[in-house]
Structures are given as structure tokens and as C-alpha cells.
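# Observations on the three-dimensional arrangement
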Amino acid sequence: QVQLVESGGGLVQPGGSLRLSCAASGIIFRIYAVGWYRQAPGKQRELVARITSGGSTDYADSVKGRFTISRDNVKNTVYLQMNNLKPEDTAVYYCNAGGNPSWGQGTQVTVSS
């Protein structure tokens, strides 16, 4: 059974930072590309960052230069460091590996003064 648990979200002021974690079980994370996604109310889920099994990264234009995705294969965990957060970043954030159809509960990120 594949289980993905996102954590680290919360309420933060504009310009602040958060670090999200995605802990996986039932899957060897290191052999998969892993992405962070987000979904705001009334919008489609969108990919914001991705890291391949080889460590290459890609980012949505809206977060480029502010977010950093990384992975710790020993801990079977993928992270998303979010800096200089903006109100537009408010969403539920999810992680997933490859084409896995199962999603976790996500973690809420709210950016507001």
C-alpha cells in the first residue's frame, strides 16, 4: 500500500517561509520522479515543482526562484522549501510520485497578513 503524508503547512505572512515534507511508505521513493502540486479553491490542481530520480528539478514559472524541491532518499522523503511566500500561493499542497493515482490529504498553506 502506497501512502504519502504531507506536512509542514500553516499560516504565514507574506514574505515568510515554510518547509513542506512528503513522507512515503510502501514505495521506494528514490526511483521515481516526485512532484509537488497545489490546488486553490475553484481551481485545478497544478504542478508547481518536480524532481526526477536523477535529481533534476523543474518549477512552474509562478514559483521559480522562490521554491526549492529536494529529496532525502535515506529518509524516503521529499521536501519543498518555500520562500518569499505570496497570497497567491495559498492552496492545499500535495505530493505524488510518477503517475500514482492515489493522493494524500495534502497540507494547507495560507499566506495572509
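Please read these numbers as outputs of a predicted model, since none were measured by experiment.

What follows deals with the sheet that holds strand S3 (residues 18–25). Judged by pairing direction, the sheet is antiparallel, and its four strands sit side by side in the order S1-S3-S8-S7 without closing on themselves. On the outer flanks of this sheet lie strand S1 (3–7) and strand S7 (67–72), each paired with one strand and no other. Each adjacent strand pair in this sheet contributes to an overall mean axis angle of 15°, direction not counted. Where S1 and S3 come together, five bridges link them in antiparallel fashion.

This part covers the pairing of strand S8 (residues 77–82). Counting buried positions along S8 yields five of six residues, so the element is predominantly enclosed. Here six bridges tie S3 to S8, and the two strands are oriented antiparallel to one another. Each bridged residue has a counterpart across the sheet, and for Ala23 the counterpart in S8 is Thr77. Here S7 pairs with S8 via six bridges, running antiparallel. Across the sheet, the residue bridging to Asp72 is Thr77, located in S8. A loop of four residues connects S7 with S8, the two strands running antiparallel in sequence, and Asn76 in this loop sits at a positive phi of about 55°.

Here is what the cut-offs are and how they apply
- Residues numbered from 1 in each chain as written.
- Predicted model: local features only at pLDDT ≥ 70, side-chain atom pairs only at ≥ 80, totals over all residues.
- Heavy atoms only, no water.
- Pairing = 2+ DSSP bridges.
- Helix = DSSP H or I, 4+ residues; strand = E, 2+ residues; numbered from the N terminus.
- Axes fitted to C-alpha atoms, helices over the stretch in contact; angles between N-to-C directions.
- Buried < 20%, exposed > 50% of the residue type's maximum accessible area, 1.4 Å probe, protein only.

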